[in-house]
Amino acid sequence: MDGYIRVSRRMGREGPGYISPRVQREAIQRWADYRGVTIAAWHEDEDQSGGSQDRPGLRAAMARVQARETEGIACWRLNRFARNVAEALEDVKIIDAHGAHLAFIEEDIDPTGPFGRFILTILLAVATLELDNTKSGWQVAKARAIERGAKIGPTPYGYRRLQDGTLEVDEEEAEELRAAFMAASRDGVDAAVSRLKANVKGRTWTRFTVTRLLANRQYLGEVRYGDLVQRFDELALVSRSVWEAAQPTGAAKRRKPKATFPLSGLATCAACGGPLVGSRGGPDARRMYRCAASQTHRKTERCPAPVVTTAGTLETFVTDTLRAAWAHGGFAVGDAAPDVDKAEEALQEAEAELDAFIGDATAAGALRRLGRYEAALAARVDAVDTAQAALRDLAASTSSAVVVLPDELWETLTAEELGMVLRGGLADVRVSRGRGPLPGRVVVVPKGMDVETGVAVS
């Protein structure tokens, strides 16, 4: 028989729940020795999800079965072979049709016969149901956290994070923040950069970082995570009209990071504070992260010590740190939220009307000549605020929740979902230039965890 090994798609290599190829190989070999079975060939799929049977190692093992070069496949556990009922049963039929065997060491079953195939179907269905329930619970936990105002991600300038993960206004920082918004609304982004550089020390203010700060809808009182949004009036630092006026004229919408670079825009350069962006370089098109301020086409100030680092190495280090912080596992799920579909639809309509009004330059010019533009804008802003307040009131009964990704979900994440998890779980990732080991050059701060002591801080 052939031995088949699969390890989950999880960036890192030594996190909790990670079962190494060596452990699986040794278990299969012990079973083979006990049963008098010769393992003719080994096939490994590393960083591969069990949600699909289209995996190089597995297909190679199946090809040997179909060519009758082996008498079967031995796996450490059923979930190493598959986590997809329909596709798994198709492969089982092929193995059975060629007179071969399929063995699962831990479960001690051979599902190539009628009864064994029935057991396999039941076990796969149960595993799929459990995984779906866990994933659904994780989504609910995120929603509950946002609904109670917990900030998932870094604490924005102008706020302090409380013990329960919610925010409160830092009045000293908020005063400078409002002044920067007013400067940008009157004289553009560069005026806000100059204001912050002159009055807020200890931070790196570039045109990029300030543009990103001005675009943060948190300052409208919105707490966001992906598509989840809640508004809290007490957290609004600027009005909607000031926020809109501060946005750069003709500014393009911020692009989402490429799925193949989950740290793009999240990790920052320690020298200038600018983001690291993903790219491919060299004859082998190697995945790399580079400081955005080092780009040759950049027209503004360049970084004095730009970072360039291998993507896979940095992603592994960062993911390992986050998983270590979440080693306790589990998460709390709040009570079911009330039906808010109608309130969400009303808010979306109000937002769309406001956006359309702001984007209509012809109508804006005509209304300004009539002296009615400010009143019309204020009416639409008030409509959005009213819709947001209604939605917030409907969700007020929601209880608290802590968002921690369960171990069994890591292997099911798509690359895009992995990027969302990292953004939700990390407060900061700063990378310094150099060739030394990453622990000496990278500062990774999981949300709510002191990395040096390993103690939860908020």
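Above this note sits the structure.
Note that this is a predicted model, so its numbers are computed, not measured.

Trainee: Please set out the pattern of salt bridges residue by residue, giving values where relevant.
Mentor: When charged atoms on two side chains of opposite charge get close, those side chains can pair. According to the stated counting rule, one finds 15 salt bridges in the structure shown. A salt bridge links Arg160 to Asp170; the shortest N-O distance between them is 3.4 Å. With a gap of ten residues between them, Arg160 in strand 5 (residues 159–161) and Asp170 in the loop between strand 6 (167–169) and helix 6 (171–187) connect regions that are remote in the sequence. You can call Asp170 buried: its relative accessible area is 14%. Salt bridges linked by common partners bring Asp2, Arg64 and Glu69 together as one network.

Trainee: Break down the pairing of strand 13 (residues 426–431) for me, citing the residues and quoting the values.
Mentor: Both strand 9 (residues 268–269) and strand 13 contribute to a ladder of two bridges, which runs parallel. Looking at the pairing, Cys269 lines up with Val431 of strand 13. Examined bridge by bridge, strand 13 and strand 14 (residues 442–446) share five bridges and lie antiparallel to one another. Bridged to Leu426 within strand 14 is Pro446.

Trainee: Kindly report on the packing of aromatic side chains, identifying the contributing residues and their values.
Mentor: Counted under the stated rule, the structure contains five aromatic pairs. Residues Phe81 and Phe104 carry aromatic rings whose centres are separated by 5.9 Å and whose planes lie at 55° to one another, so their mutual orientation is tilted. Here the residue Phe81 occupies a position in helix 3 (residues 78–81), and Phe104 occupies one in strand 4 (residues 101–104), the gap between them amounting to 23 residues. Take Phe81 and Phe104: they sit in the same class, and that class is buried. Aromatic side chains Phe181 and Tyr219 sit 5.7 Å apart centroid to centroid with 70° between the ring planes, which places their arrangement in the edge-to-face category. A residue pair is termed long-range when its members are at least 10 positions apart, and Phe181 in helix 6 and Tyr219 in the loop between helix 8 (207–214) and strand 7 (222–225) qualify at 38 residues. When sorted by exposure, Phe181 lands in the same class as Tyr219, which is buried.

Trainee: Explain the packing of helix 7 (residues 189–199) against helix 8 to me, using residue names and the numbers behind them.
Mentor: Put simply, helix 7 and helix 8 touch, their axes get as near as 9 Å, and they point 105° apart. On the basis of the axis angle, helix 7 is roughly perpendicular to helix 8. Facing Val189, Asp190, Ala192, Val193 and Leu196 of helix 7, the residues of helix 8 in contact are Arg207, Val210, Thr211 and Leu214. Here the contact of helix 7 with helix 8 is composed, by residue class, of six nonpolar, one polar and two charged.

Trainee: Before we move on, could you go through the sheet that holds strand 2 (residues 41–45) and cite the residues and values that matter?
Mentor: Judged by pairing direction, the sheet is parallel, and its four strands sit side by side in the order 2-1-3-4 without closing on themselves. This sheet does not close on itself; its edge strands, each paired only once, are strand 2 and strand 4. Neighbour-to-neighbour, the strand axes of this sheet turn through a mean angle of 20°, independent of strand direction. By the bridge criterion, four bridges tie strand 3 (residues 72–75) to strand 4 in an arrangement that is parallel. Along strand 4, the bridge assignment pairs Ile73 with Leu102. Across the face of the sheet, helix 1 (residues 21–35) comes into contact with strand 1 (2–6), strand 2, strand 3 and strand 4 while running at roughly 150° to strand 1. Strands strand 1, strand 2 and strand 3 of the sheet are contacted by helix 2 (residues 56–66), whose axis makes an angle of about 150° with strand 2.

Trainee: Which residues make up unusual backbone geometry, and what values go with them?
Mentor: For Arg68, which is not glycine, the phi dihedral falls at a positive 60°. As for its placement among the helices and strands, Arg68 is situated in the loop between helix 2 and strand 3.

Trainee: Just give me the short version of a nonpolar patch on the surface, but keep the residues and values in it.
Mentor: On the surface, a nonpolar cluster with roughly 430 Å² of combined accessible area is contributed by Phe115, Phe118, Ile122 and Val126. Of note, Ile122 is situated in helix 5 (residues 114–147).

Trainee: I'd love a proper account of the packing of helix 6 against helix 7, names of residues and values included.
Mentor: Axis separation between helix 6 and helix 7 bottoms out at 7 Å; the angle between their running directions is 150°. When the axes of helix 6 and helix 7 are compared, the pair comes out roughly antiparallel. Viewed along their axes, helix 6 and helix 7 form a crossing whose handedness is right-handed. Between helix 6, through Glu176, Ala179, Ala180, Ala183, Ala184 and Asp187, and helix 7, the contact on the second element is made entirely by Ala191, Ala192, Arg195, Leu196 and Asn199. Residues belonging to the contact of helix 6 with helix 7 are distributed by class as follows: seven nonpolar, one polar and three charged.

Conventions and cut-offs
Residues numbered from 1 in each chain as written. Predicted model: local features only at pLDDT ≥ 70, side-chain atom pairs only at ≥ 80, totals over all residues. Heavy atoms only, no water. Salt bridge = Lys/Arg side-chain N within 4 Å of Asp/Glu carboxyl O. Helix = DSSP H or I, 4+ residues; strand = E, 2+ residues; numbered from the N terminus. Buried < 20%, exposed > 50% of the residue type's maximum accessible area, 1.4 Å probe, protein only. Pairing = 2+ DSSP bridges. Phe/Tyr/Trp six-rings, centres within 6.5 Å; stacked < 30°, edge-to-face > 60°. Axes fitted to C-alpha atoms, helices over the stretch in contact; angles between N-to-C directions. Parallel < 35°, antiparallel > 145°, perpendicular 65-115°, else oblique. Contact = heavy atoms within 4.5 Å. Nonpolar A, V, L, I, M, F, W, Y, C, P; charged D, E, K, R; others polar. Patch = residues over 30% accessible without salt bridge, like charges linked within 9 Å, V, L, I, M, F, W, Y side chains within 5 Å. Areas by Shrake-Rupley, 256 points an atom, 1.4 Å probe, with all protein chains shown as cover. Left-handed = near helix turned anticlockwise from the far one by under 90°.

Spatial relationships are all this shows, so hold off on functional conclusions.
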